[in-house]
Amino acid sequence: MNKDLDLQPNEQQEENLLYNDVCEIIDRARVRVATYVNTEVCLTNWYVGKRIKEDVLFNRRAEYGKKVLRRLSVRLIGKYGNGWGYEKLKHCVRSAYLFSEKDIVSATQRQLTWPHQSSPVLYKAP
């Protein structure tokens with residue numbers, strides 16, 4: 001057996017504590033990243049929908065709006081991939097009709113309350 005890996009019981013406890021603390025730091029970071037990404041996706045979708053709703057569809061015929069969304073989706077797919085298809089754009093517009101800017105910003109800010117709640121646990125030497 002490798003002598004470098006043989007640990008005394010106290011050393012094993014210290015290493016376990018270090019391991020657990022590092023795992024907690026990583027896990028909390030992952031949660032913060034996921035929260036941030038979800039918030040940005042939500043805001044992006046809403047702002048895209050708002051832009052389409054207010055500047056393209058406002059007071060226009062429904063058929064004109066459909067044509068604009070279809071052409072826009074083709075161009076966006078070409079640049080950003082299949083995630084920006086016609087159905088996605090319809091979803092964005094619906095969210096802009098359902099929620100005000102105040103509602104969407106408030107909801108996303110509530111998701112980002114993590115900085116004061118999850119400070120990392122630092123390893124403390126015994």
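Since we're looking at a predicted model, the values are computed, not measured. (Residues numbered from 1 in each chain as written. Predicted model: local features only at pLDDT ≥ 70, side-chain atom pairs only at ≥ 80, totals over all residues. Heavy atoms only, no water.)

(A) The overall build of the protein chain, seen in detail. Helix and strand counts for the protein chain come out as 4 helices and 0 strands. In sequence order, the secondary structure elements of the protein chain are arranged as α-α-α-α. Within the protein chain, buried positions represent 21% of all 126 residues. Counting every atom, the protein chain has about 9700 Å² of accessible surface; 56% of that belongs to carbon and sulfur. (Helix = DSSP H or I, 4+ residues; strand = E, 2+ residues; numbered from the N terminus. Buried < 20%, exposed > 50% of the residue type's maximum accessible area, 1.4 Å probe, protein only. Areas by Shrake-Rupley, 256 points an atom, 1.4 Å probe, with all protein chains shown as cover.)

(B) Quick peek at the packing of aromatic side chains. According to the stated counting rule, one finds 1 aromatic pair in the structure shown. Consider the rings of Trp46 and Tyr47, whose centres lie 5.0 Å apart with planes at 80 degrees: the pair is edge-to-face. Residue classification places Tyr47 among the partly exposed positions, given a relative accessible area of 36%. Stacked on the ring of Tyr97, the Lys or Arg Lys53 has its end atom at 5.0 Å from the ring centre. Its guanidinium or amino end placed over the ring of Tyr86, Arg70 lies 3.8 Å from that ring's centre, counting from NZ or CZ. (Phe/Tyr/Trp six-rings, centres within 6.5 Å; stacked < 30°, edge-to-face > 60°. Lys NZ or Arg CZ within 6 Å of the ring centre and 35° of its normal.)

(C) A look at the side chain of Ser95. On the secondary structure map, Ser95 appears in helix α3 (residues 86-98). Ignoring sequence-local partners within four residues, the contact set of Ser95 consists of Asn45 and Trp46. (Contact = heavy atoms within 4.5 Å.)

(D) Structural context of α3. Helix length check: α3, at 13 residues, gives a terminal C-alpha distance of 18 Å against a target of 18 Å (1.5 Å per residue), a fit within 8%. For α3, the complete set of buried residues consists of Tyr86, Leu89, Cys92, Val93, Ser95 and Ala96. Taken together, the buried residues of α3 touch α1 (9-57) and α2 (62-80). (Expected span 1.5 Å × (residues − 1).)

(E) Just the pattern of salt bridges, in detail. Inspection of the entire model under this criterion finds 5 salt bridges. Its salt-bridge partner being Lys50, residue Glu54 comes within 3.8 Å of it at the nearest N-O pair. On the criterion of helical spacing, the pair formed by Glu54 and Lys50 is a turn pair, its members being 4 residues apart in helix α1. Residue Glu54 is classed as partly exposed on the basis of its relative accessible area of 38%. (Salt bridge = Lys/Arg side-chain N within 4 Å of Asp/Glu carboxyl O.)

(F) Structural detail: the layout of surface pockets. Roughly 200 Å³ of volume is contained in the largest pocket. For the largest pocket, the lining is made up of 11 residues, of which Leu57, Ala62, Gly65, Leu69 and Val93 are closest to its centre. For the lining of the largest pocket, a count of residues per class yields 5 nonpolar, 1 polar and 5 charged. (1 Å grid on protein atoms, 1.4 Å probe; cavity = no way out; pocket = protein on both sides within 12 Å on 5 of 7 lines; lining within 4 Å. Points joined across faces, edges and corners; volume = space filled by probe spheres on them. Nonpolar A, V, L, I, M, F, W, Y, C, P; charged D, E, K, R; others polar.)

(G) Representation of the packing of α1 against helix α4 (residues 101-111). At a closest axis distance of 9 Å, the pairing of α1 and α4 adopts a crossing angle of 170 degrees. Taken together, the axis directions place α1 and α4 in an arrangement best described as roughly antiparallel. Taken together, the residues of α4 that come into contact with α1 (itself represented by Thr35, Asn38, Thr39, Cys42, Leu43, Trp46, Tyr47 and Lys50) are Glu101, Ile104, Val105, Thr108 and Gln111. Partitioned by chemical class, the residues of the contact of α1 with α4 number 6 nonpolar, 5 polar and 2 charged. (Axes fitted to C-alpha atoms, helices over the stretch in contact; angles between N-to-C directions. Parallel < 35°, antiparallel > 145°, perpendicular 65-115°, else oblique.)

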